[in-house]
Amino acid sequence: MLRSCLILLAVLTASSATAEGRRLSHCIAIADAAPGIAYLHRASFGTPLGENTVRLTFVDHATFLLETPGGLVAATDYTGYLGPMQVTPDVVTMNNAHETHFTAFPDPAISHVLEGWARGGGAADHHLDLGEMLVRNVPTDIRGHDSGAVHPNGNSIFVFEVAGLCIGHLGHLHHIPDEAQFAALGRLDVVMAPVDGRLTLDLPSMIAVLTRLKSSVVIPMHWFGPRTLDRFLAGMADEFAVTRPGTSSLEVSLRTLPARPTVAVLEPLSD
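This structure is a prediction, so every number in the text was calculated from the model and none was measured.

Caption draft 1: Main features of the nonpolar core. By size, the foremost hydrophobic cluster in this structure holds 59 residues, and its most contacted members are Leu66, Met133, Ile167, Leu210, Val218 and Phe232. Beyond its immediate stretch of four places on either side in the chain, Phe232 contacts Val195, Leu203, Ile207, Leu210, Val218, Pro220 and Val263. Val59, Ala75, Tyr78 and Met94 belong to the second largest nonpolar core, which has 11 residues in total.

Structure follows, in structure tokens:
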């Protein structure tokens, strides 16, 4: 309850963020805005990007590479492994669920390493303004894998605000966000969601979260084989279109988001 109040207070006072040296989140400020849209683009990592276009590449498991038109690269749930990609990200986000979501030894050449938990307790608080891209987090609780005990603020949902888009990575989400957390997320045009249905949030609850978010594009991650993925796709089919572009990368912009909410299945680079 206390954490929810604190998150809600942060949202209500967001208008004062610039006075405190923080750029205002446009995802929160215009959470009810609806882009007007048409289609998705297939893409390849590293090729030039058009103006106001972002490329997302599924490395594996819960790791994605996000590229901006200006050349910034971010990696989610960074483990030190980026498949065949010979790239040093400008910023990496990590989750403390277990070794497949973080590394204790990130490449020292990485300028910004954002951990989804706070060392010494409390909640992580990130608001990294790189000019072209703003990276922020919304803390959530997490379950222990052995005892099942709840660890407060052990996960973070990271939000990347770039090219007018709001792109969210749910991390190792273990519970439905409360109202304050949904408010802190704001609008998410694209969301990367764990869909295993067992190690993270159960499948009906995850589908409820994604239905509530109403993101234009949902990219499934953290799935273990076709059966796991197919169960998720079947559960989403009533309200979301499903597309399988047959590639590991996808380019998105406000102009090319699909008119109907769509699940876009990307193939892991390691496959």
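Having seen the model, we can carry on.
Caption draft 2: Representation of the packing of aromatic side chains within the structure. Counted according to the given criterion, the structure contains two aromatic pairs. When the ring of Phe102 is compared with that of Trp117, the centres are 5.6 Å apart and the planes differ by 80°; the resulting orientation is edge-to-face. Residue Phe102 is located in the loop between strand 5 (91-94) and strand 6 (112-115), and its partner Trp117 is located in the loop between strand 6 and strand 7 (127-129); the two are separated by 15 residues in the primary sequence. Of the residues examined, Phe102 reaches a relative accessible area of 21% and is grouped as partly exposed. The positively charged end of Arg212 is found above the aromatic ring belonging to Phe182, 4.1 Å away from the centroid.

Caption draft 3: Molecular detail of the pattern of salt bridges. In the structure shown here, the tally under the stated rule is eight salt bridges. Between Glu179 and Arg212 there is a salt bridge, and its shortest N-O distance comes to 2.9 Å. Pair noted here: Glu179 is in helix 3 (residues 179-185) and Arg212 is in helix 4 (residues 203-213), with a separation of 33 residues, a long-range link. For Arg212, a relative accessible area of 40% puts it in the partly exposed group. Across the pair Arg187 and Asp189 runs a salt bridge whose closest N-O atoms are separated by 2.8 Å. Put simply, Arg55, Glu67 and Glu251 are held in one network by salt bridges that share partners.

Rules and cut-offs
Residues numbered from 1 in each chain as written. Predicted model: local features only at pLDDT ≥ 70, side-chain atom pairs only at ≥ 80, totals over all residues. Heavy atoms only, no water. Core = buried A, V, L, I, M, F, W, Y, C linked by side-chain atoms within 4.5 Å. Buried < 20%, exposed > 50% of the residue type's maximum accessible area, 1.4 Å probe, protein only. Contact = heavy atoms within 4.5 Å. Phe/Tyr/Trp six-rings, centres within 6.5 Å; stacked < 30°, edge-to-face > 60°. Helix = DSSP H or I, 4+ residues; strand = E, 2+ residues; numbered from the N terminus. Lys NZ or Arg CZ within 6 Å of the ring centre and 35° of its normal. Salt bridge = Lys/Arg side-chain N within 4 Å of Asp/Glu carboxyl O.

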